[in-house]
Structures are given as C-alpha cells and as structure tokens.
Amino acid sequence: MERPEFDSVKSFEEFNKYYWYREELIKICKAHGLKADGSKIELYKVIEAYFAGEKILPQSKKNKKPGAGRKKVVTELTLDTGLIECGFTFGPRFRDFFSKQTGEERFKFNVDMVATAKAVKETSDESFTLGDLLDIYYGKKTYAKYDKSMLQWNKFVHDFCADEATLVFNERLKAAAALWKIVRPKEYSRELLEKYKDEIFARNCTSNVVYPLSITEGFQDGNVIFSDDSKTALFWHYCGFAYLSGSVEDSFLEKIYQDYFVKKQDRRFVLITDNSKAIEFFSDKDDIVTDKRVEYRFADLPQSVPECKYKVEPISANNYDRIHGNIIPTFSWASKEQFLKNGFGFVALDGDKVIAVAFSAAVSSDEVDIGVETDENYRNQGLAKVVADRMCREIISQGKKPVWAHAIANEGSKYTALGVGFTNDRVNTVIRKK
C-alpha cells in the first residue's frame, strides 16, 4: 500500500499505519508551524495533538537586550555550579569534571543524565546544578527519564532486518512494526518470527485486517495458505472471505485459481483484494465475476442513541437459535459455542420473535467487523441502525474499533453505516466464481 502525502491523511490512526523517519516528521511539523524538535516519540505526540485539533507551537525566542547573550564565563566548576550558568555540554571539560567526582577514569554520561540536561535547558531551570546531575547519575534523584522505547525499537528493527529470513516481507519496516506490537519483551529473535509469521502477514494485509487476524489469533476458524516462496499469505475465513497479504506473483494467483475456483470446495471462496496484479489476473478469466465492496472507517458515535419501540437485548444461549436469515452468526462462526465464547451481538425482539440482529462477524484483538440483518417484514423502521448502534457502543467499550463493509450496491447498509458513525474509506474488489 503506497503511503499517501501527509496532507491527504485524515486521522492520526491512519497516519500511524505508515512508517515515518524522524527527518520526515520534522519537515511535517515545520511545514505546519508545529514544534519540530525533540525525539521521534515527541514528534509523534505533536502530530497526534495536531490531528486532535491542538497545535503545539515552537517555543518563541524572546528578544534579548544588547549584551544579554554574552554569558558569564565560569572558570571553576563545582557541585554548586548551575547547568545553565556554565553552559553545560557533554564535552571533555564536563566529562573530566564528573570523572573526578566519581573516580571513574573513563566516565560516561548515562541516558537519564542526557534526558535531564535536555529538560533543564528546555525549561531554562537555573536552579539545577552539577551536583544535582551527579545525583541523577547515582540514581538518588529523578528529573527526566530517558525514553528507552526508541532505543529498543531501533535495535529491534536492526536485528529484524539483519535476519535473512525477514526477506520474505516486501515491506520489512511494516513487518517489524507488526511483530513489535505483538511481542514482550521487545527483543527480536528468529523463533519469534516463526511463531508470529502468520500474524505479521495478517496485520500487514492492506485490504482488511480483522478477518485475517480473527484466524491467526484463534478467535474464529479459517485457513492460512502460503506461496512456495513464503512471500504471500492467503487467509481464507470460515465465512468464505479470502484476503491476500504480501508480494503477489502470478504463479500463486494461478494456484489460487486452480485450487479454489476451478476445484469444488466444501465452502465458498470469495477473494476480496486491493491488489492490482490480482485484480488484473482474475479479470481475464471467463468463469470469474468481479464486484466492488465499500470499506468504511469509524469516525465517532452519534450523540443520541436511536429510539426503538421493540425490546433490544444481547445475543445469548436463550435467543441464539431464534436468529434466522443470511447475515447472522452462523454466517461466520463455526458453532454456537464458539460464537458465545468469542463473539457477541444484539437482537431486537417482537415478543419472542427475533426481528433484527447485529453481531460480530469477525473479531480480533483490535477490531470487530459488524454483520447486520433485519427480518423482511420489519424493514424500513430503523431497526438495523438501532442494533448496529448498540454494537458500536459495545465494541468501543471493549477498547476496540468497529469495522463495516458492504457490497457497493447495498444502499441500505450504506445509510446504516453513515447513521452510526462510519465514513467512507476505500473500495476493494470482490472476485468470485460465476
């Protein structure tokens, strides 16, 4: 997936999908009049605030009176000498001073001393002394802690890219970021790569993430099939949806065509993709038909909860078997027990009759895809919006992100999505057998 220009990115969440170098973050901040100094993590926080509507501006430099810029020269350093007063640096003069204070011939400033000196200068704290900095060295005081996560990340990326086994990923920084998100502690090893290889490909799937992850994280049933060179993964969900991740070659596409479109399978196979090579490959097949599927991005919950004259309750063992239709839990879950353990949803009831349902069609640790169905005798009453709204609120309460998608011709699903807080994000291509 090609990284967009910064000005076309709509949210910090979207911005975070891509890897940005520190130099690029600095240019972005400067171009938008934002604070453009500090560590990479600090720059990310500035940009996050920018997307939230807050501009963190550069620190203004006050006009100085003539002669004010000439500092008093401190000839003798003592523990009472202020860092600002003596113009502290990490050069030889101050290294020699701390070498004498500690008795260490080859003295080295530790990371917390570096972070503290930086903070003292940024805040112009004239009360902070060399003695205070010595206490930082010995751990007797805390002023500003060094953020070790960036150091860990840089080493993690270095070790990841140094391993030839990671060459199977065409975008190794994104793959490293996916593994980084999964593992604890933040240390790379070949064993971790092999253990989480499926999940790395799932997290880097550009057409959809929740369905591939629902398989690799064990929430739902499905298959993961790799190309012979291990550079491409095919995720085939229990419901029949299939997604590609990685570097796609014609040889693997031909295998998919022969094994899943030509041969008869025990469940349907519907390939959903944004890969131009795959779309072009299957467009030439006479027994294949293509369509479009609209994918949405969740923006925000409506302020008011939709009113409903019918009873709405969570899906449970008591009402599960009364749910009928096409897009219902049996569509994407292998069993009632599996759904009740790993999934959830809501039904609207007219007496004992289930007249509308919204449920988790796919579940991962980060997202939940929503499936909705309304009894044909109860349509045009806003019931889909009622149960979908309940789903969105429940998903958010779990700390996850709601996901929504539908066939491009499904106008009803479109208006329900827009009504519960989604906005149009992108369009995938659907490839199925005639």
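Preceding this section is the structure that the text describes.
Throughout what follows, the structure given in this document is the object of discussion. This is a predicted model, so every value here is computed, not measured. (Residues numbered from 1 in each chain as written. Predicted model: local features only at pLDDT ≥ 70, side-chain atom pairs only at ≥ 80, totals over all residues. Heavy atoms only, no water.)

1. Remarks on the pattern of salt bridges
Formally: Definition used for salt bridges: Asp or Glu carboxyl oxygen within 4 Å of a side-chain nitrogen of Lys or Arg. Helix and strand assignments come from DSSP, with helices taken as H or I runs of at least 4 residues and strands as E runs of at least 2, each series counted from the N terminus. Relative accessibility thresholds used throughout: buried, under 20% of the residue-type maximum; exposed, over 50%; partly exposed, between the two (1.4 Å probe, protein chains only).
As enumerated under the stated definition, the model contains 25 salt bridges in all. Between K118 and E42 there is a salt bridge, and its shortest N-O distance comes to 3.6 Å. A residue pair is termed long-range when its members are at least 10 positions apart, and K118 in helix α6 (residues 111–123) and E42 in helix α3 (residues 40–51) qualify at 76 residues. Taking the relative accessible area as the measure of exposure, E42 reaches 32% and is therefore partly exposed. Here E295 and R293 are joined by a salt bridge, their closest N and O atoms 3.7 Å apart. For E295, a relative accessible area of 2% puts it in the buried group. By sharing partners, the salt bridges in this structure join K181, E199, R203, E217 and D366 into a single network.

2. Notes on the state of the cysteines
Quick reminder of the rule: Any two cysteine sulfur atoms within 2.5 Å of one another count as a disulfide.
Counted according to the given criterion, the structure contains zero disulfides. The structure places no disulfide on C239, whose sulfur is separated from the nearest cysteine sulfur, that of C205, by 13 Å.

3. Some remarks on the nonpolar core
Inclusion rule: Residues belong to one nonpolar core when they are buried, are Ala, Val, Leu, Ile, Met, Phe, Trp, Tyr or Cys, and are joined through side-chain atoms within 4.5 Å. Contact criterion: two residues are considered in contact whenever any of their non-hydrogen atoms come within 4.5 Å of each other.
Counting 50 residues, the largest nonpolar core has Y211, F241, I315, F359, I370, M391 and F422 as the members making the most contacts within it. The greatest single-element share of this core, amounting to nine residues, is contributed by strand β8 (residues 353–363). Those residues within four positions of Y211 in sequence are excluded, and the remaining contacts are H237, C239, F241, Y243, A361, A362 and D369. Counting 25 residues, the second-largest nonpolar core is a separate cluster that includes F169, L179, F201 and L213.

4. Details of the side chain of N208
Quick note on the threshold: Nitrogen and oxygen atoms within 3.5 Å of one another constitute a polar contact, given that in protein one can donate a hydrogen and the other can accept it, and given that sequence-neighbouring residues count only through two side-chain atoms.
Looking at the secondary structure, you find N208 in the loop between α10 (190–203) and α11 (210–216). Residue N208 is classed as buried on the basis of its relative accessible area of 5%. A distance of 3.1 Å separates a polar atom in the side chain of N208 from the backbone nitrogen of V210. A distance of 2.9 Å separates the side chain of N208 from the backbone nitrogen of Y211, its partner in a polar contact. Discounting residues that sit within four places of it in the chain, N208 has contacts with A202, Y243, E295 and R426.

5. Digging into helix α5 (residues 92–102)
By the burial criterion, the buried members of α5 are F94, F97, F98, S99 and T102. In the core, the buried residues of α5 are packed alongside α4 (83–86), α6 and α7 (130–138). Among the residues trailing α5, G103 stands out with phi positive, at a value near 80°.

6. Examining the pairing of strand β5 (residues 288–298)
Rules: In short, DSSP must find at least two bridges between two strands for them to pair.
Pairing geometry for β5 and strand β11 (residues 422–433), over 11 bridges, is antiparallel. Pairing of E295 across the sheet is with R426, part of β11.

7. Details of the packing of aromatic side chains
For clarity, the cut-off: Classification of ring pairs uses Phe, Tyr and Trp, with its six-membered ring standing for Trp, and accepts pairs whose centres are within 6.5 Å; under 30 degrees between planes counts as stacked, over 60 as edge-to-face, and the remaining range as tilted. Working rule: Lys NZ or Arg CZ, within 6 Å of ring centre, within 35 degrees of ring normal, means a charge sits over the ring.
Tallying each qualifying case throughout the model produces 41 aromatic pairs. Each ring, one from Y137 and one from Y138, has its centre 5.2 Å from the other, and the planes form 70°; the classification is edge-to-face. Looking at Y137, the relative accessible area reads 19%, which means it is buried. Take Y138: its relative accessible area is 43%, and that puts it in the partly exposed class. Linked through ring pairs, F88, F90, F94, F97, F98, F107, F109, Y137 and Y138 together constitute an aromatic cluster. Seen from the ring of F94, R93 lies directly overhead, with NZ or CZ sitting 5.5 Å from the centre. Directly above the aromatic system of F219 lies the positively charged group of K400, at a separation of 5.5 Å from the ring centroid.

8. Describing the pairing of β8
The element β8 is largely enclosed, with a buried count of 10 among its 11 residues. Pairing of strand β7 (residues 345–350) with β8, which is carried by six bridges, proceeds in the antiparallel orientation. Among the inter-strand pairings, F346 is bridged to a residue of β8, identified as A358. Counted between consecutive antiparallel strands, the loop separating β7 from β8 contains two residues, among which G351 sits at a positive phi close to 70°. With seven bridges connecting them, β8 and strand β9 (residues 367–374) associate as antiparallel partners. Directly across from V363, in β9, lies its bridge partner V368. Counting the residues in the hairpin turn of β8 and β9 gives three residues.

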